[in-house]
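# Topology and contacts: notes
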Amino acid sequence: MLSARTYHQLRSCDFAKERREHGAVGAEEGRTRVSKHVRASMQQPVLLTEEQAELPWGFRDHIQRTEPGCPALGMAPAALQRPTAPAALQRRGQGEPGGGSSSPPSSSSSSSSSPPSAPGRSRPPSSGCGSPGVRSRGGGMDWQVLTRELSLYLESQVRVGLFGSGVGLSLVLGFGVAYACYYLSSIAKKPQLVASNKRFCRFLEEYCPVVTETYYPTIWCWEGRVQTLLRPFITSRPQVQYRNELIRTADGGQISLDWFDNNDSLYYPDASTRPTVLLLPGLTGTSKESYILHMIHQSETLGYRCVVFNNRGIAGEDLLTPRTYCAANTEDLEAVIHHIHSLHPSAPFMAAGVSMGGMLLLNYLGKTGRDTPLMAAAIFSAGWNVFESVESLEKPLNWLLFNYYLTTCLQSSISRHRQMLEKLFDMDLVMKARTVREFDKQFTSVMFGYRTIDDYYEDASPCRKLKSVGIPVLCLNSVDDVFSPGHVGVKLCWQGTKGTLINSLGIMADATSYWRSLIFTLLLSQT
């Protein structure tokens with residue numbers, strides 16, 4: 001005869017076997033199948049009768065293996081049978097009086113755990129070891145066994161997974177629909193045109209229809225900061241073969257120009273009349289930047305010749321004088337423009353600037369007016385007001401993502417020329433700068449003779465010189481560009497100028513799709 005402890009051990013072995021069998025069941029069966037013991041515990045009375053329950057799977061096989069003296073199937077000892085409710089409790093359920101310590105007539109009146117002699121019936125011992133898995137000491141539920149039963153059911157549901165239950169799929173579909181609605185209603189919009197006159201605006205709409213079409217930024221990456229961070233990693237880099245040229249300046253310095261001659265041009269086989277586009281990269285950019293390479297690739301298909309203007313000391317050339325560059329000083333750009341025009345005086349000549357390159361180009365056009373060899377210009381992502389740009393970059397998140405990185409890039413660009421620059425600057429102090437403003441205060445403004453950093457920023461802001469521009473200029477800016485916030489104020493600056501500002505959602509990483517249409521439009525504007 002087995003004790004209650006042995007009985008519980010046998011039940012634990014049986015649960016382990018049942019768990020292994022549950023592991024072999026497929027996901028669909030595991031979703032719908034509930035343990036027989038859990039169903040019995042949930043649906044049947046607390047004290048189960050023999051007719052309402054059955055022995056667990058493999059239970060009797062386990063008894064025969066571990067207890068050689070046990071009878072064969074159908075003759076298991078009474079202690080191993082699922083007991084029925086005590087007679088007193090049965091009578092109580094039928095409305096008969098009886099005490100909780102009453103026992104069936106066939107059993108002894110004592111509280112011993114001796115089982116009855118009938119092989120098919122048994123009662124729980126009076127010591128409290130009632131129906132295992134159902135009753136416990138004191139007549140309550142055996143929570144340990146019931147918890148084990150529930151854990152088997154939960155394990156089978158975990159194997160089903162979130163999507164298998166249908167809840168996860170509903171969440172994904174709901175989120176997808178909400179995101180699509182938000183994208184189409186708030187993100188995808190037509191560009192906003194701000195033109196100096198209606199005639200130029202109608203001209204753009206006729207010959208450059210892309211500026212009137214709805215702009216759909218990359219659906220999974222439309223936010224300006226995210227695009228700026230991911231652009232170096234996800235954009236392709238077309239192969240471009242340059243021809244380098246170093247030109248000398250009036251102060252004894254040198255400037256590096258990278259030429260893409262496009263000698264295989266089908267549209268303009270004559271090099272003397274082949275249109276030339278001067279490209280100005282960003283703050284620390286060179287001819288190797290991906291956006292410059294894409295612009296050259298687009299210009300190649302149109303048959304144009306391109307020249308990339310690298311600021312002093314940026315493209316690997318030596319710095320011959322203790323002078324670099326800034327957005328306000330246009331002397332180097334003037335020298336480059338006149339040099340290129342002198343080589344190809346009969347060719348249409350245009351220019352395009354990106355970020356700080358666009359600011360430098362706008363400041364040059366505002367200074368020269370109509371007295372320039374350039375026929376037209378295109379500007380991408382220029383900072384119209386340097387004060388607003390710096391203030392935007394100094395916000396905590398923007399400082400972490402962009403400002404500190406740009407500062408280190410500026411420091412790296414001058415560190416290789418430290419021996420030359422130490423003659424005029426405290427390089428140790430410059431290298432301690434942690435923001436663009438600190439770098440400009442300690443280095444840039446001092447180099448170009450500005451009394452304060454505010455004087456330099458005021459002179460470098462293109463919005464103060466736009467009314468003096470004398471050639472057609474097409475500008476493309478993003479509404480969410482952290483480098484150029486607050487474009488609404490620029491509208492007032494374009495009154496009386498010969499230019500057009502295009503505001504759209506997205507950043508310069510997506511602006512290269514406009515390049516082909518913009519260049520073609522600028523050429524037509526001069527014919």
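By the naming in an unreviewed UniProt entry, the protein chain is Phospholipase ABHD3, taken from Cairina moschata. Check the Subcellular location (unreviewed entry) section of the UniProt entry for the protein chain; it says "Membrane". Looking at the protein chain in UniProt, the text filed under Sequence similarities (unreviewed entry) is "Belongs to the AB hydrolase superfamily. AB hydrolase 4 family."

### Side note on a nonpolar patch on the surface
A surface patch of nonpolar side chains, about 520 Å² in accessible area, is lined by I219, W220, F233 and I234. Given the relative accessible area of 46%, I219 is considered partly exposed.

### Looking at the confidence of the model for the protein chain
Of the residues in the protein chain, 62% reach a pLDDT of 70 or more, and the chain-wide mean stands at 74. Below pLDDT 50 for its whole length, residues 30-137 participates in 161 contacts with residues either more than four positions away or in separate chains. Across residues 505-514 the pLDDT falls below 50, and counting only partners more than four positions away or on other chains, this stretch makes 33 contacts in the model.

### Some remarks on the pattern of salt bridges
Following the criterion strictly, the structure yields eleven salt bridges and no others. Of the charged contacts in the structure, one is a salt bridge between R312 and D251, with a shortest N-O distance of 3.0 Å. Linking R312 in the loop between β5 (305-310) and α11 (331-343) with D251 in the loop between β2 (243-248) and β3 (254-260), this pair joins segments that are 61 residues apart in sequence. Take R312: its relative accessible area is 3%, and that puts it in the buried class. Judged by its relative accessible area of 37%, D251 falls in the partly exposed class.

### Focus: helix α10 (residues 290-302)
The end-to-end C-alpha distance of α10, which contains 13 residues, comes to 19 Å, matching closely the 18 Å that a straight helix rising 1.5 Å per residue would cover. For α10, the full list of buried residues reads S290, Y291, I292, L293, M295, I296, S299 and L302. In the segment just after α10, G303 is the residue with positive phi, at about 90°.

### A word on the packing of aromatic side chains
Under the defined criterion, the tally for this structure stands at ten aromatic pairs. Ring plane angle 90° and centroid distance 5.9 Å describe the contact between F387 and Y457, whose orientation is recorded as edge-to-face. Here F387 is found in helix α13 (residues 386-393), whereas its partner Y457 is found in helix α18 (residues 453-460), with 70 residues between them in sequence. On the basis of relative accessible area, Y457 is assigned to the buried category, the value being 1%. Here F439 and F443 contribute two aromatic rings whose centre-to-centre distance is 5.3 Å and whose plane-to-plane angle is 40°, an arrangement assigned as tilted. Here F439 and its partner F443 are both found in helix α17 (residues 436-447), four residues apart, which amounts to about one turn of the helix. Judged by relative accessible area, F439 falls into the buried class, the value being 3%.

### A word on the environment of L361
Note that L361 resides in helix α12 (residues 356-368). Each C-alpha atom of the pair L361 and A351 lies 8.0 Å from the other, and the pair is ten residues apart in sequence. When near neighbours in sequence (up to four residues on either side) are disregarded, L361 contacts L280, L333, A351, A352, G353, L374, A377, A378 and I379.

### Some thoughts on the environment of S287
In this structure, S287 sits in the loop between β4 (276-280) and α10. Distance from S287 to D258, taken between C-alpha atoms, is 6.9 Å for residues 29 residues apart in sequence. Contact partners of S287, with chain neighbours within four places excluded, come to Y242, D258, I292, L293, V308 and N310.

### A look at the pairing of strand β8 (residues 473-478)
Along β8, six of the six residues are buried, which leaves the element largely enclosed by surrounding structure. Burial along β8 is two-sided: the face carrying V473, C475 and N477 and the face carrying L474, L476 and S478 are both buried. Pairing geometry for strand β7 (residues 376-380) and β8, over four bridges, is parallel. Bridge assignment links F380 to a residue of β8, and that residue is L476.

### A closer look at the side chain of E245
If you trace the backbone, E245 turns up in strand β2. Here E245 sits buried without a salt bridge, and the closest side chain of opposite charge, R243, lies 4.8 Å off (N-O distance). Setting aside residues no more than four positions away along its own chain, E245 makes contact with I255, S256, L257, W259 and H339.

### Points about the pairing of β5
Here β5 lies mainly inside the structure; six of its six residues are buried. Side chains of β5 alternate between two faces, with R305, V307 and F309 and C306, V308 and N310 buried alike. Of the strand pairs in this sheet, β4 and β5 are connected by four bridges, and their pairing is parallel. Bridge assignment links L278 to a residue of β5, and that residue is V307. Tracing the backbone out of β4, into α10 and back to the parallel element β5 gives a crossover that is right-handed.

### Brief notes about the nonpolar core
In terms of nonpolar packing, the biggest core is built from 55 residues, with L278, F309, L333, L361, L365, L374 and V473 touching the most fellow members. Per element, the largest residue contribution to this core is seven residues, and it comes from α12. By size, the runner-up hydrophobic cluster in this structure holds 20 residues, among which are L279, I292, V354 and F380.

### Points about the side chain of S461
Along the chain, S461 falls in the loop between α18 and β8. What makes S461 buried here is its relative accessible area of 0%. In this structure the side chain of S461 is engaged in a polar contact, spanning 3.1 Å, whose partner is the backbone nitrogen of V386. Discounting chain neighbours no more than four positions away, the residues touching S461 are N363, W384, N385 and V386.

### A short note on unusual backbone geometry
The backbone phi angle of S355 is positive, close to 55°, even though this residue is not glycine. Residue position: S355 is located in the loop between β6 (349-354) and α12. One non-glycine residue, S381, lies in the positive phi region at around 55°. Relative to the helices and strands, S381 is located in the loop between β7 and α13. Taking relative accessible area as the criterion, S381 reaches 10% and is therefore assigned buried.

Cut-offs and rules
Residues numbered from 1 in each chain as written. Predicted model: local features only at pLDDT ≥ 70, side-chain atom pairs only at ≥ 80, totals over all residues. Heavy atoms only, no water. UniProt positions renumbered as here; feature names shortened; annotations may be inferred. Patch = residues over 30% accessible without salt bridge, like charges linked within 9 Å, V, L, I, M, F, W, Y side chains within 5 Å. Areas by Shrake-Rupley, 256 points an atom, 1.4 Å probe, with all protein chains shown as cover. Salt bridge = Lys/Arg side-chain N within 4 Å of Asp/Glu carboxyl O. Buried < 20%, exposed > 50% of the residue type's maximum accessible area, 1.4 Å probe, protein only. pLDDT = per-residue confidence, 0-100. Contact = heavy atoms within 4.5 Å. Helix = DSSP H or I, 4+ residues; strand = E, 2+ residues; numbered from the N terminus. Expected span 1.5 Å × (residues − 1). Phe/Tyr/Trp six-rings, centres within 6.5 Å; stacked < 30°, edge-to-face > 60°. Pairing = 2+ DSSP bridges. Lys, Arg positive; Asp, Glu negative; His and termini not counted. Right-handed = clockwise from strand over helix to strand, strands pointing away. Core = buried A, V, L, I, M, F, W, Y, C linked by side-chain atoms within 4.5 Å. Polar contact = N/O pair within 3.5 Å; in protein donor to acceptor, adjacent residues only side chain to side chain.

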